[in-house]
Amino acid sequence: MSFILKFFNDVALFSWDASMALANLVIPQSPEDKVTPEGHPGFEGKWPEFVPRKEGDSRCSCPALNAMANHGILPHDGKNIQFKEMGRLIRTTYNFSPSFCYFVPNFAAKMLHKDYNKDTFDLSELDLHNGIEHDASLCREDSALCPDQSEIQVEYVKELLASATGKDKDGNPLLTIKDLSKYSAKRRIDAYDKNPDFSLDFGHKMFGSSNSATMLTIFGGRIKDLETVLLEEKLPEGWQSRVRAKFGLTLAHFNLSTVWWVEAGINKHEKKYKAEKKAAEEAAAGTNGTNGTDAAAESSIHKADSPTN
Ligand code: HEM
């Protein structure tokens, strides 16, 4: 697409998105138990049967798309999916806005050099490294260390969920923006120290915060639901999207209310975690009778490109 066409396309998309964000402010929200539209999987919280992935099924680094395939909302084998169809199904399953459901599958099609209108893809194709998939994820090991990006890192997910500090009105634990920033900071520092091929540019930092921000918006930060989604890649019995706005979660609202705040908090937490980690390493090296400063220097592989620089 020429530059001018792309410009008008982007302006049209963001104007469409902004108009839905404004409409959402005045149109009453759906009741909690009526978010999924009638005639679609998940209406009144009744999801199609969950069937775990079988040998040969295609799965990816995205827990939300894998869950759709495990319930047969996307093809259960995760193969030959149309980009347009995926957008339509994300709209009714998770209540993202039509603009998001157009924009992200379109981006994925471009990333895979495919035609959004005609081509199909398998879920595992989305794991193209430094396409949307990136290092320092919250639910996956870096691809250089674990090439199968559909593999859930149970330890990371449990650590993330255990770090929740919020509470709902009934006292149930909730993940907050600050919790996500803090755990993302830890993952970025740890991944940088562990993975010699580590990379995370600004765009991929934003992808990271966007993906993780869905845990707070679509899933409302609810630990019980997130356990099911992230560890079993299953939609909880009776669950419906926590976004009740009629036009769904728009790109504007998502970015301004959550994504930006998650990302903005990470830098501060990175500095704090880095200092704590260094102090702990020095203390451990001191107890082992080695020179603490040398040991700490050795453990930080490539200081010049630190994620906090
Ligand atoms: C066209 C739609 C989508 C595409 C192409 C997509 C793609 C991806 C990819 C490639 C990742 C891995 C990123 C990484 O390396 O951490 C990812 C992670 C994730 N996505 Fe999606 N996704 C889509 C829709 C959704 C939706 C609708 C939700 C929520 C309802 C969602 C929630 C998540 C979460 C929670 C993660 C894990 C983040 C992490 O491990 O740090 N995604 N997605």
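Scoring rules and cut-offs
Residues numbered from 1 in each chain as written. Predicted model: local features only at pLDDT ≥ 70, side-chain atom pairs only at ≥ 80, totals over all residues. Core = buried A, V, L, I, M, F, W, Y, C linked by C-beta atoms within 7 Å. Buried ≥ 20, exposed ≤ 12 C-beta atoms within 10 Å, placed from the backbone. Helix = DSSP H or I, 4+ residues; strand = E, 2+ residues; numbered from the N terminus. Contact = placed C-beta atoms within 7 Å. UniProt positions renumbered as here; feature names shortened; annotations may be inferred. Axes fitted to C-alpha atoms, helices over the stretch in contact; angles between N-to-C directions. Left-handed = near helix turned anticlockwise from the far one by under 90°. Nonpolar A, V, L, I, M, F, W, Y, C, P; charged D, E, K, R; others polar. Near = placed C-beta within 6 Å. Parallel < 35°, antiparallel > 145°, perpendicular 65-115°, else oblique.

K.L.:
What is the right way to look at the nonpolar core in this model?
P.N.:
For soluble globular proteins, the rule of thumb is that nonpolar side chains tend to be buried together. In this structure, Leu65, Leu74, Leu180, Met215, Leu226 and Leu249 are the most contacted members of the largest nonpolar core, which totals 52 residues. In terms of residues, this core owes the most to one element, helix α4 (residues 98-111), which gives 5 residues. Look past the residues within four positions of Leu226 in its chain and what remains in contact with it is Leu161, Leu175, Met215 and Phe219. Ranked by size, the runner-up nonpolar core spans 8 residues in total, among them Ala185, Ile189, Ala191 and Ile266.

K.L.:
In this structure, what is going on with the UniProt feature "domain: Heme haloperoxidase family profile" (unreviewed entry) in the chain? I would like to understand it.
P.N.:
The feature "domain: Heme haloperoxidase family profile" (unreviewed entry), as given by UniProt, occupies residues 46-256 in the numbering adopted here. Secondary structure within residues 46-256 divides into 42% helix and 4% strand; the distance between the first and last C-alpha atoms comes to 32 Å.

K.L.:
So what exactly am I meant to see when it comes to the packing of helix α7 (residues 202-213) against helix α9 (residues 251-287) here?
P.N.:
Helix-helix packing is described using two parameters, namely the angle between the two axes and the distance between the axes. Running from amino to carboxyl end, α7 crosses α9 at an angle of 115°, the nearest separation of the two axes being 9 Å. Like other packed secondary-structure pairs, α7 and α9 cross with a definite hand, here right-handed. On α9, the residues that touch Lys205, Met206, Ser209, Ser210, Ser212 and Ala213 of α7 are Phe254, Thr258, Val259, Val262 and Glu263. Split by residue class, the contact of α7 with α9 holds 5 nonpolar, 4 polar and 2 charged.

K.L.:
Explain the site of the ligand to me, please; I cannot follow it from the model alone.
P.N.:
The local shell around the ligand holds 26 residues, among which Cys62, Ala64, Ser137, Leu138 and Cys139 are the closest. In terms of residue class, the shell around the ligand is built from 17 nonpolar, 7 polar and 2 charged.

K.L.:
Please explain the environment of Ser30 as it appears in this structure.
P.N.:
Secondary-structure assignment places Ser30 in the loop between α1 (3-26) and α2 (63-70). Taking the number of C-beta atoms within 10 Å as the measure of exposure, Ser30 has 17 and is therefore partly exposed. The spatial distance from the C-alpha of Ser30 to the C-alpha of Arg244 is 5.2 Å, given a sequence separation of 214 residues. Non-local contacts of Ser30, meaning those with residues more than four positions away in its chain, are made with Val35, Arg244 and Lys246.

K.L.:
What is the right way to read the packing of helix α6 (residues 177-194) against α9 from this model?
P.N.:
Put simply, α6 and α9 touch, their axes get as near as 7 Å, and they point 50° apart. By the angle class used here, α6 and α9 are oblique. In this structure, α6 crosses over α9, and the sense of that crossing is right-handed. Here Ile177, Lys178, Leu180, Ser181, Lys182, Ser184, Ala185, Lys186, Arg188 and Ile189 of α6 lie close against α9, whose contacting residues are Thr258, Trp261, Val262, Gly265, Ile266, His269, Glu270, Tyr273, Lys274 and Lys277.

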